[in-house]
Structures are given as C-alpha cells and as structure tokens.
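Examining the three-dimensional arrangement
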Amino acid sequence: MTEKTVNRFVHAVSYSKEFFIGGLATSTACLFSNPLDVVKTRFQLQGELQSRGAYDIKYKNIFDAFLKIAHHEGITGLQKGLVPALAFQIVMNSTRLGIYQTIINSGITKNEDGGEAFPRLLIAGAFSGCCGAFVGTPFYLVKVQMQSAANPSIAVGYQHKHSGLIAGLRAAHKSQGRRS
C-alpha cells in the first residue's frame, strides 16, 4: 500500500467521522425536543385552512396539549414521529455538517493570505445547508405527518395513518413522486 493510498483512507475515515458526529449530536437533542415538536405540530394544524371560529379548539395552551396528548394517546403519543425525526436529524445534519467540514478541510475557503475568506465560508455554509435540506426533506414530511396523527377525539388536520418511516416514505413517493 502506498503512502498516497493510506492518506486517502485516513481522510475518508476523517470525513466519515465528521458525518457521524454531526448526526449523533443532533439526534440526541431530538430525543428531548420531539415532544415539543409534536405539540407544536398539533397547534399549527388546529384550524388549518378554516376561518377563525369555524373550528373546534382542541388545545387551549401548551400544557393542555401535553396533558390531552398524554391522556388520549399515552406518554408515547408525545414521541410520535420519533423514528422519522431521528432519521431526518441524522440525514440532514450529518450531510450538512459533513459537507461543510469537507469543504473547509479542502482549503477552498482560504484566501491568498491563508486566512478564512468570509464570503467563501458563507457560500460553503449555504451550499452545505441546501444539500442537507434536500436529502432531509422527505424524512421531515413523514415526521410531521406522523406527529399530526392523533386519537380521533383530539385530532386536528388531515390524518395520515403511516405504520412507520418506510411506509410513510413509500406513500409520499406514491402520491407525490419525486416532488416529495
């Protein structure tokens, strides 16, 4: 094995580590923030596309929403959509952070003096963010659809009945094609 081959392998492991660490950190945070996201999604869908006063208010405030979801769906109801949420975090953030770090490591963001050039860093960040959003969007779609699925007595908005992440991705692809 030549020294050049060894260096390529070391860089590949380094880049893979950047992707992994980015996904791990954000998915850990997701475990704690998902219940808040479930409540937020239910609030956003309450009265969706209806004029004020033309719909029943299911959730009066955040505390009421937490209590109603836990009462009608159990504590696990507050973690609805967790698998797609974790997949979204891992895919989107590991892509975003991994690409950004790869660009930084390549040196193309440096100016002639060897310092970091802010416009190049800005472009690298925007490009990385767009790539992450592009690959993560289908997972986010399924996450929101699963988070909105509720017990009929407290349901708001259209109810998607996905059995899991893969079923949700298949349904989205079937109904919307590559647009989803």
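Residues numbered from 1 in each chain as written. Predicted model: local features only at pLDDT ≥ 70, side-chain atom pairs only at ≥ 80, totals over all residues. Heavy atoms only, no water.

The secondary structure content of the protein amounts to 5 helices and 0 strands. Residues classed as buried in the protein amount to 33% of the 180 residues present. In the protein, the proportion of contacts linking residues at least 24 apart, taken out of those at least 6 apart, comes to 69%. In the form shown here, the protein has an accessible surface area of approximately 11,400 Å², with 65% of it arising from carbon and sulfur atoms. (Helix = DSSP H or I, 4+ residues; strand = E, 2+ residues; numbered from the N terminus. Buried < 20%, exposed > 50% of the residue type's maximum accessible area, 1.4 Å probe, protein only. Contact = heavy atoms within 4.5 Å. Areas by Shrake-Rupley, 256 points an atom, 1.4 Å probe, with all protein chains shown as cover.)

This part takes up the pattern of salt bridges. According to the stated counting rule, one finds 6 salt bridges in the structure shown. Put simply, K40 and D37 hold a salt bridge, and the shortest N to O gap is 3.3 Å. Separated by 3 residues within a single helix, K40 and D37 lie in helix α1 (residues 3-45), roughly one turn from each other. Assessed through its relative accessible area of 33%, K40 is described here as partly exposed. Residue D37 is classed as buried on the basis of its relative accessible area, which comes to 17%. (Salt bridge = Lys/Arg side-chain N within 4 Å of Asp/Glu carboxyl O.)

Turning our attention to a nonpolar patch on the surface. Residues F20, I21 and L24 make up a contiguous nonpolar surface patch of roughly 320 Å² in combined accessible area. Structurally, F20 is set in helix α1. (Patch = residues over 30% accessible without salt bridge, like charges linked within 9 Å, V, L, I, M, F, W, Y side chains within 5 Å.)

Mapped onto the elements, G157 comes out in the loop between α4 (118-148) and α5 (165-176). In this structure G157 comes out as partly exposed when scored by relative accessible area, which is 39%. It is 10.0 Å that separates the C-alpha atoms of G157 and T41, two residues lying 116 residues apart in sequence. Excluding residues within four positions of it along the chain, G157 makes contact with L45 and E48.

This next bit is on the packing of aromatic side chains. Tallied over the entire structure, the rule returns 2 aromatic pairs. Measuring from ring centre to ring centre gives 6.1 Å for F43 and Y59, while their planes differ by 50 degrees; the resulting arrangement is tilted. You can see F43 sitting in helix α1 and its partner Y59 sitting in the loop between α1 and α2 (62-73), a full 16 residues away along the chain. Exposure remark for Y59: the relative accessible area of 1% places this residue in the buried category. (Phe/Tyr/Trp six-rings, centres within 6.5 Å; stacked < 30°, edge-to-face > 60°.)

A separate point is the nonpolar core. Ranked by size, the top nonpolar core spans 10 residues in total: V38, V39, L45, Y59, A65, I69, L78, A150, I154 and V156. When contributions to this core are tallied by element, the ones reaching two or more residues are α1 and α2. Examining the composition of this core, we find that 3 residues originate from one element, α1, more than from any other. With residues near it in sequence (within four places) discarded, Y59 still touches R42, F43, Q46, D64, A65, K68, I69, I154 and V156. By size, the runner-up hydrophobic cluster in this structure holds 7 residues, among which are A87, M92, V142 and L165. (Core = buried A, V, L, I, M, F, W, Y, C linked by side-chain atoms within 4.5 Å.)

Next up on the list: the environment of L45. Along the chain, L45 falls in helix α1. Since its relative accessible area comes to 16%, L45 is described here as buried. Residues L45 and V156, 111 residues apart in the sequence, show an inter-C-alpha distance of 5.8 Å. With near-sequence residues (within four places) excluded, L45 lies in contact with S148, V156 and G157.

Moving on, we get to the side chain of S27. Looking at the element boundaries, S27 is found in helix α1. Take S27: its relative accessible area is 9%, and that puts it in the buried class. Those residues within four positions of S27 in sequence are excluded, and the remaining contacts are L86, Q89 and I90.

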